[in-house]
Structures are given as structure tokens and as C-alpha cells.
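Topology and contacts: notes
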Amino acid sequence: QVQLVETGGGLVQAGGSLRLSCAASGRTSSTMGWFRQAPGKEREFVAAISRGGGSTSYATSVKGRFTISRDNAKNTVNLQMNSLKPEDTAVYYCAARMGSTVYASGSFYDYWGQGTQVTVSS
């Protein structure tokens, strides 16, 4: 089992920045990812990173603004979000999978955190 706990959400003005962190405990996971779900919308992929950090993937909507990173010594994965827009408002979820392939589909992820709210005001 893997337990995931997200922190760092909050309210920020458009153009601002936030840094989300996800602390993992239990089994060592390989690929880690971030997903988000806005009210009335389906969950969507944001970013993912391989265990060694050498492979990353980003949704087109966040590329160039968000950066995913991980610290395996601390068993954490982070999402630095810059130039935030109101459309980035959502609950952000951390996810983990045991496999090494970086996938954008949530169906490939085995474990999920409870989520953290990010609200961007205009």
C-alpha cells in the first residue's frame, strides 16, 4: 500500500504561484503524477514524473508554467505552479503507480491522495 498526502493548496491571484507537495509513505512507488478536477468537469492529467526524474510529461495547458519534481530521499513529489490562471482552479490530486512508464491516463495509477484545493482569483 502507498499513502499519499497533498499539501500546499490555497487561494492565489491570477499570475501568482503555488507549490504543491505530496508526501508518500508505504511501498516505494515508481511513477508519480498530479491530476486535477474542477467543479462539473472530469479529472484531467496535469503532470507526471518517473522514479529517477529523467522522464516527465505535462498537459499542454500547463506546459511552460508548471514544473514537476521529486525528492526520493524524502519520498516527496512537488508541483511548482507559476503564472496561475483562473482556469487552473481545481482540486489537485497526487497519484502513484508501481510501473515505470509515465502515463497521462489516471486509469494506470494505483494510489491516490485526498486532494488539495487550488483557487485562482481573477
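Residues numbered from 1 in each chain as written. Predicted model: local features only at pLDDT ≥ 70, side-chain atom pairs only at ≥ 80, totals over all residues. Heavy atoms only, no water.

**Section: the side chain of arginine 70**
Formally: Secondary structure elements are defined from DSSP: runs of H or I of at least 4 residues count as helices, runs of E of at least 2 residues count as strands, and each element is numbered from the N terminus. A simple rule labels every residue: compare its accessible area, found with a 1.4 Å probe on the protein chains alone, to the largest value its type can have, and call it buried under 20%, exposed over 50%, or partly exposed in between. A residue counts as positive if it is Lys or Arg and as negative if it is Asp or Glu; His and the chain ends are not included. A pairing counts as a salt bridge when a side-chain nitrogen of Lys or Arg comes within 4 Å of a carboxyl oxygen of Asp or Glu. Here a polar contact is taken to be a pair of N or O atoms separated by no more than 3.5 Å, where protein atoms must pair a possible hydrogen donor with a possible acceptor and residues adjacent in sequence count only if both atoms sit in side chains. Contacts: residue pairs with any heavy atoms within 4.5 Å of one another.
Relative to the assigned elements, arginine 70 resides in strand S7 (residues 66–71). As a buried residue without a salt bridge, arginine 70 has its nearest oppositely charged side chain in aspartate 71, at a separation of 8.3 Å. Within the structure, arginine 70 has its side chain in polar contact with the backbone oxygen of serine 30 (distance 2.5 Å). A polar side-chain atom of arginine 70 sits 3.0 Å from the main-chain carbonyl oxygen of serine 50. With near-sequence residues (within four places) excluded, arginine 70 lies in contact with Ser29, Ser30, Thr31, Met32, Ile49, Ser50, Arg51, Thr76 and Val77.

**Brief notes about unusual backbone geometry**
Unusually for a residue other than glycine, asparagine 75 sits at a positive phi of about 60°. Considering the arrangement of structural elements, one finds asparagine 75 in the loop between S7 and strand S8 (76–81). Residues other than glycine seldom take positive phi values, yet serine 83 does so here, at roughly 50°. One can find serine 83 in the loop between S8 and strand S9 (90–97). What makes serine 83 partly exposed here is its relative accessible area of 41%.

**Some words on the pairing of strand S5 (residues 44–49)**
As a reminder of what qualifies: At least two DSSP bridges between two strands are required for those strands to pair.
Buried residues dominate S5, accounting for five of its six residues. The sheet contact formed by strand S4 (residues 31–37) and S5 spans five bridges and is antiparallel. Pairing of glycine 33 across the sheet is with alanine 48, part of S5. As consecutive antiparallel partners, S4 and S5 are separated by six residues, and within that stretch glycine 40 has a phi angle of approximately 75°, a positive value. Note: S5 against strand S6 (residues 56–58), three bridges, orientation antiparallel. Across the sheet, the residue bridging to alanine 48 is serine 57, located in S6.

**Notes on the sheet that holds S7**
Basically, it comes down to this: Angular values range over 0 to 180 degrees, each being the angle between N-to-C directions of two axes fitted as lines to C-alpha atoms, with helices fitted over their stretch in contact.
Across the sheet, four strands lie side by side as S1-S3-S8-S7; this open sheet has antiparallel pairing. Both edges of this open sheet fall to strand S1 (2–7) and S7, since each of them pairs with a single strand only. The sheet shows a mean angle of 15° between the axes of neighbouring strands, direction not considered. In terms of strand pairing, S7 meets S8 through six bridges, oriented antiparallel. The partner of phenylalanine 66 across the bridge, within S8, is methionine 81.

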